[in-house]
Structure formats: structure tokens, C-alpha cells
Amino acid sequence: MGEPMSNLHNYNHYVSEFESFGKNGASEYPEWVNTLRRSALAVFAEKGFPTTHDENWKYTNIAPIAKTSFKYASDKLALDDPGHQVGSFMIEGLEHHSIVFINGKFSKEYSSIDELPAGVIVTTMREAVRANAELVKKYISQYVPLENNAFAALNTAFLNDGVFVYVPEDVEIDKPIHCLFITSKAGTEHYAVHIRNLIIVEERSKVRFAFSYRSSDENQNLTNVVTEIVAKEGSDVEAVKIQKESDSTYHVENFRLHQFAKSTVNVFSLALGSAIARNDMSVIIDGEGADCNLNGLYFTAGDQLIDHHTFMHHIHPNCPSHELFKGILYGNSRAVFNGKVYVEPEAQKTDSKQTNRNLLLSDTAVVDTKPELEIFADDVKCTHGAAVGGLDPVHAFYLKSRGISAENAEKMLTVGFAAEVTGKIVTPEIRRYVDVLVVDRLREKLGSLGLPDIVHN
Amino acid sequence: MIEIKNLHANVNGKEILRGINLSVKAGEIHAIMGPNGSGKSTLAQVLSGHPAYEVTQGEVLFQGQDLLEMEPEDRARAGVFLAFQYPVEIPGVSNSYFLKAGLNEVRKANGLEELDSMQFLKLLKEKMKIVEMDQSFINRPVNEGFSGGEKKRNEILQMAVLEPKLAILDETDSGLDIDALKIVAEGVNKLKSPKNATIVVTHYQRLLNYIVPDFVHVLVKGQIVKSGGKELALELEANGYDLIKEEIGAM
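No experiment lies behind these values; they were computed from the predicted model shown.

A. Representation of the overall build of chain A. Per the secondary structure count, chain A includes 10 helices and 20 strands. Its C-alpha atoms give chain A a radius of gyration of 21 Å, near enough to 23 Å, the size a compact globule of 457 residues would have. Its C-alpha atoms put chain A at 70 × 50 × 50 Å along the principal axes. Counting all 457 residues of chain A, 53% fall into the buried class. Taking the contacts inside chain A whose residues are at least 6 apart along the sequence as the reference set, 83% of them involve residues at least 24 apart.

B. How the structure looks around the overall build of chain B. Helix and strand counts for chain B stand at eight helices and 12 strands. The C-alpha radius of gyration computed for chain B amounts to 18 Å, which stays within 12% of the reference 18 Å derived for 251 residues, consistent with globular compactness. Taking all 251 residues of chain B together, the buried fraction comes to 46%. Nonlocal contacts in chain B, meaning residues at least 24 apart in sequence, comprise 72% of its contacts between residues at least 6 apart.

C. A look at helix H5 (residues 148-162) of chain B. Residue and element names in this part refer to chain B. Under the 1.5 Å per step criterion, the end-to-end length of H5 is 21 Å for 15 residues, consistent within 8% with the ideal 21 Å. In terms of burial, H5 is largely enclosed, as 12 of its 15 residues are buried. Those residues of H5 that fall on the buried side of the exposure criterion are Lys151, Lys152, Arg153, Asn154, Glu155, Ile156, Leu157, Gln158, Met159, Ala160, Val161 and Leu162. In this structure, the buried residues of H5 make contact with strand E6 (80-83), helix H3 (95-109), helix H4 (117-130), strand E9 (166-170) and helix H6 (178-191). Looking at the residues trailing H5, positive phi occurs at Glu163, about 45°.

D. Region of the structure containing helix H2 (residues 31-47) of chain A. Residues and elements named next belong to chain A. End to end, H2 covers 26 Å across 17 residues, agreeing with the expected 24 Å (1.5 Å per residue, within 8%). Of the positions making up H2, those classed as buried are Val33, Leu36, Arg37, Ala40, Leu41 and Phe44. End-on, the buried residues of H2 take up no more than an arc of 135°, which puts them together on one face. Residues of H2 that are exposed and angled more than 90 degrees away from the buried face: Glu31, Thr35 and Ala42. On its buried face, H2 sits against helix H1 (11-23), helix H5 (125-131) and helix H7 (150-157). Two residues or fewer past H2, Gly48 is found with a positive phi of approximately 65°.

E. Here's a closer look at the packing of H5 of chain B against H6 of chain B. Residue and element names in this part refer to chain B. Viewed as axis vectors pointing N to C, H5 and H6 meet at an angle of 5°, and their least axial separation amounts to 10 Å. By the angle between their axes, H5 is roughly parallel relative to H6. For the pair H5 and H6, contact is made by Gly149, Lys152, Arg153, Ile156, Met159 and Ala160 and by Ala180, Ile183, Val184, Gly187, Val188 and Leu191, respectively. Here the residues of the contact of H5 with H6 sort into eight nonpolar, two polar and two charged.

F. A look at the confidence of the model for chain A. Summary statistics for chain A give a mean pLDDT of 91 and a share of 93% for residues scoring 70 or more. For residues 451-457 of chain A, every residue scores under 50 in pLDDT, and the model assigns this stretch 17 contacts once sequence neighbours within four places are set aside.

G. Summary view of the domain arrangement of chain A. Residues and elements named next belong to chain A. You can read the domains of chain A as domain 1 (8-286) and domain 2 (391-457). Domain 1 and domain 2 are separated by 31 Å when their C-alpha centres are compared. Taken together, the contact pairs 15 residues of domain 1 with 10 residues of domain 2. Ranked by residues supplied to the side of domain 1 that touches domain 2, first place goes to strand E10 (residues 236-244) with four residues. Of the residues belonging to the side of domain 1 that touches domain 2, the class tally is nine nonpolar, two polar and four charged.

H. Highlighting the nonpolar core. Membership of the largest hydrophobic core comes to 201 residues, with the highest contact counts inside it found for Val240 of chain A together with Phe81, Ala83 and Ile168 of chain B. The residues that make up this core include at least three from each of domain 1 (8-286) and domain 2 (391-457) of chain A. Each residue touching Ala83 of chain B, except ones within four places of it in the same chain, is listed here: Glu155, Ile156, Met159, Ala167, Ile168, Leu169, Asp170 and Thr172 of chain B.

I. Broad picture of unusual backbone geometry. Residue and element names in this part refer to chain A. In this structure, Ser141 is a non-glycine residue whose phi angle is positive, near 65°. Although it is not a glycine, Asp170 sits at a positive phi angle of roughly 55°. Looking at the element boundaries, Asp170 is found in the loop between strand E5 (163-167) and strand E6 (177-183).

J. Highlighting the sheet that holds strand E12 (residues 223-228) of chain B. Residues and elements named next belong to chain B. The six strands lie next to each other as E6-E9-E10-E3-E11-E12, forming an open sheet whose pairing is mixed. Only two strands of the sheet have a single neighbouring strand rather than two, namely E6 and E12. The sheet shows a mean angle of 20° between the axes of neighbouring strands, taken without regard to direction. Where strand E3 (residues 29-33) lies against strand E11 (residues 215-220), four bridges are found, and the strand directions are parallel. Residue pairing for E11: Ala31 is matched across the bridge by Val216. Running over the sheet, helix H1 (residues 40-48) touches E3, E6, E9, strand E10 (197-202) and E11 and is turned about 145° from E9. Contacts from H5 reach E6 and E9, with the element oriented near 165° to E6.

K. Layout of the sheet that holds strand E1 (residues 2-11) of chain B. All names here are of chain B. Ordered in space as E2-E1-E4-E5, the four strands form an open sheet in which the pairing is antiparallel. Looking at which strands have only one partner, the edges of the open sheet turn out to be strand E2 (14-24) and strand E5 (65-66). Relative to E5, strand E4 (residues 53-62) runs antiparallel, the two being bridged by two bridges. Paired with Leu61 across the two strands is Asp66, which belongs to E5.

Rules used in this analysis
Residues numbered from 1 in each chain as written. Chains lettered and ligands numbered in written order. Predicted model: local features only at pLDDT ≥ 70, side-chain atom pairs only at ≥ 80, totals over all residues. Helix = DSSP H or I, 4+ residues; strand = E, 2+ residues; numbered from the N terminus. Rg over C-alpha atoms; globule rule 2.2 N^0.38 Å. Buried ≥ 20, exposed ≤ 12 C-beta atoms within 10 Å, placed from the backbone. Contact = placed C-beta atoms within 7 Å. Expected span 1.5 Å × (residues − 1). Arc of directions from axis to C-beta. Axes fitted to C-alpha atoms, helices over the stretch in contact; angles between N-to-C directions. Parallel < 35°, antiparallel > 145°, perpendicular 65-115°, else oblique. Nonpolar A, V, L, I, M, F, W, Y, C, P; charged D, E, K, R; others polar. pLDDT = per-residue confidence, 0-100. Domains from an automatic or database assignment. Core = buried A, V, L, I, M, F, W, Y, C linked by C-beta atoms within 7 Å. Pairing = 2+ DSSP bridges.

Given below as C-alpha cells:
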């Protein structure tokens, strides 16, 4: 018998989990949330988890996730206190607002939200569904389709908590907002932590985010995130994701960005952690003159698999979009990059560039890279390129010809390979922090790297 | 300084150098001229240890050491420097980090103390004046987005920082306008001393108006066919390489 066409065998588990979820904590939510949850569970029930027969999951076999009966991380669950570690997950040298969740549960103790400009809301989803119900209702699940999207459906069925941010018109928030999600072990069970983030940035406002996903130990939890960002006309947003959960975890995010006219959004995905990690990142460019930068760096080792699926949807004319994803692979690890660009007939003068470069540093690492361009406008500039290979010996020779040893030349080129893309992060403190994490990870593989100032300042 | 004896080299199995003999002493400037495809750049690359070239015969002694046995990095540490004809762009590695790493390797190999970041920056800024480079280049990735002229200046900057004993300039004049050419040439002249030597590889005589050679060698088909003083360069400029080719043909 081959692989089943769907992974429905765990459906009953999630139904009973859902019932238990309903009795424990979920019931205190407004009825419209429960309605949304129930309909999402019904969508999940139709097909269950995807298999590799599904075109979208062809290269990423999530059977280990589908087969595990993850328990939902309920409020009443006694959690190991990872408190002593929270500090180490903060971004050094950065004055920021922080909102911290431990196994999906808001931690007031470790969060610190300073005074915010008038009208700005930075709170938890749990709070927002009550206090800001109209806003949440208007936007939630508008941008993430649940059909054929088991993880988003499951996330919505178990919608519980996450970050809710609302920035009214003409506001600039000086300090970045750091949303930190930590998972930890709790007994021997494997937990599913469903995180739901909703960010609404009104016209001409500016805000920067870091979303960190970290583990305090070697747990085997599933972090299942849905993040929806709405960037209204003329807004300026940066969202940097830092995923460094332990190598034994599973991580899935459905990231949806909806951009209106003249908005500028800079998105970055740093993917270092998990046994299997999947980032679905979709951008709808829904207004003339909107500018999207979508970049990422993945670094895999051992048996890790990190998958990025991006979708850049151009609806209106005169919009640039730039994507640069780079990967560094060691060991038996695998990476997937699937980048789709869809240009509607009306989206003339689209200027879209997509690049995926992979550095294979072992003979057994594998990359599947697939650009997909569907262009229905005739006056556009759309380019794409993909490369997989080792370090360039001509580059290495140049460094060696200046006295640098072969070994250090390799390290320098590898760090440089990464730094080219981390340099796309706009907020300097976040960029430096990301560089430090990358250098730390490389150091684990390459040994001492010398000075961290290899990377730009 | 350097003694090249009967040097033969191949690239992709094709023989490019066919018995080069050349001796360069400290304090001297030698120009190697020749038509396209004569092997000028190959000679420069072979001396610096480029992995694409295979030496099949001959010997090169650099200050008494067997240069051909040395790794490229060891040649650099011993004082051999190649200013590349086509310097590569290295994204993500800053110019200053790269140069500091190189300089400290060279210093270590020569029993000198390594420079810290402050000391290095001070040195770098001084050297940048020699080639009139803007300080914004310090933290830019190596050669990335540099114009042709900026790349060549960056090569001479590296030479100024590393202070090699033997500098080999491979077509450093190509792609330079006259102002950039003067700056680069002046940089080279400022770095000249009785203790170091320079080999200038060029197709055209123009650079030699600014970097005046003590000796000129004409390379044709992988061999030095004629040597002389600086007047030989002018002769070549006036008559082109064809006359020499004819002379050889007649030999």
C-alpha cells in the first residue's frame, strides 16, 4: 500500500481535542469566535493534512506531523518555567516593546509594553476578540483561505491567542515591537501551539516588528502560526521573523500580507530551527505604487527540512516586488523554495524580481527550488533566477591571494553569502541581531569564525 | 627578487606559457607587453597561484624560495601581490574586514603583531588617501557595485595596505579613464621603494607614461621575444606588435 491520499486518520483525535478545548477556556470567548472555530474545524475535516500528492506539498512530507497526536496547549496545562531563558531571547541593544507568549499563553511577567501613541493598540488576541471585536471581526481570516490549507484551518479551529496590533492613521511607532513566542516541554506529551497574529496598520503609519519563535529546551511541539498583516495606503512596515526553535520541533506558518496603494513593506524570514519547518508567505499587492520586499535566509543541518513557499500576487499597475531567498545547507538536510509570482492583466509596469540561491556545503544535502511565473500583463519586467552550488573557487582564490587561509576564506565567503541577504533588513538593531544568530549557527558548523564584524554594521 | 626560469603553463590542457625567463631585482619596474592572447595575464596569474593554471615545466624562485610549491595565501604572506585585471565582487564581506584579515595574516607570517580594529582603521584611512578613495568604501562589500575604475583603485589600495615586495599589476590600466589612470599610477609610484619591485602587465604603452619602467619585455605566443629599456615601449606604440611578429617570423 502506498501513501494515503490524505492524512485523515488523526481527524478523530482533533475532534476530541476540539471538544476538550471547548470545555476548557475556549468557551469564554465570544460566540462569533466559536462559530469561526467550528467552521474551520469542518474545513479541516474535509481533507485532513496534505500529503506529497498535493502539489503544494510535493517536496515536503509532513507525515511526522500528521501522525503525531499533538495535544493543544491549554491554559490549565502546567508548564515548565522557562523564565530564566526569556532574557536571552530578547534583542540586545534594542529599545523595544515586547509581548511574550510561553507555549501560546501570554506572559504578563515578561512582556513590557511601554507608553504608545494615542489610539495604538498592542495586545493579545484573547483580549482583542472582546475589547476590539469589531476590528478583529472585520479583518480576521479575511486574508488566509482555509480551504486546502489544513494548518490554517486547524489554527483557526483552535484560535486562542497571539498578538493583535492596531496602528491608526498617521502614527509612527518609534520603538520596534518584539513578539516573542517560546515553546517548552511539558511532561512527555507533544503539544500543538496555535498562534494567531493580526496586525492592522492604517494609512501613512509606520511600524517595525520582530516575530521570534524560540524553544527553551529540546521539545517536540508543533508551532502552528497564522499571521495576517494589513498595510493600508502609504504605510511603512517591517516584519522580521526569527525562527530558531529546537531542531526537534515542527513549525508551520501561514503568513499573509495584504498591501494597499503606496505602502512599503519589508518582510524577512530567518529560518534556523525545527525538524520540519514550512513558511507559506503570501503577499497580495492590492494598490498602485505598493512596494514589497520579501527576503529570507534558511540554514539547515542534520536531517532538517525547511520549506518556503512564497506567492506574490500583483493586481495593480506600477508595483515593484523583490524577493531574495538564500539557503545554506549542511549534512543530510533539505530545503525547498517555491516562489510564485502572479501578475494580473491590469498590473502593467510590474517590476518583479525573484532570486533563490543555495549554498550546498555537503554532498548529501538537497534543495528543491522552483520558480513559478504566471504573467497576464504585457508591459512588465519580471525576472527570476535560481542557483544551487558550492562556494566559488574564484572568490576563494581572490581572498587567498591577499593572505587569507583557505579555511578562513571558506568561512568568510559563507558568512558573506548570508550577510548579503540579512543586509536587506532595514532596522539596524534587528539586522545586527539576526547577523549574530546566523554567525552563532555557522560557528556551530564551521568552528570559530574570528570576529563577528565580518558582517556589515 | 624573483627568478623565472623556463616557465611553461597550461590552461585547460592548452599550453599558454612556453618557456618564460625573467629576472627582476629589488627596486626595479619591469613592463611586460604583448598582443592579446600572448600569455601576459597567464604569467601574472601563474605567479600568484591561480588554481586554473597548471605549470608543466620550469622554476620560479622568489627570494630564494620555490614559489610554485607555495599555496596562494603563502605567496601573499611572503610578499607577492597580484592586482587583478578583473577583481571579483564578494557580496556580504566588507572591504575593511577582508583587508584587515589579509593584512593580519601577512603580518603574522612576518613576525609582526596583528593590528586591532582601531589601528587598522587608522592605517586604512591613510592608505585610502593615496588612491583618493572615499571612506564610504570601507564598509561596502568587496568590489560589489564598484565601477571599473573603483575596482582598480581598490586593488591598489589593497597593495598599499599589504605592502608587498613584488607587485604584479595585470592590465591595471584597462577600463580606466585618464584621470583614474593617473591616480592609480601615482599610487603605484608612491609605493615604490628600493626594497620592492613591480611587474606591470599591459597591452598599451599609455600606462608606462606614468609608471616608468626600467625594463620592457615583449611577450608573444608565450615567450619573451624582445627585451629593452623604456624606449622599447614607445617603439611598440609607434609600430604596433606586427613588426615584432614579423621579426620573429623571420627568425
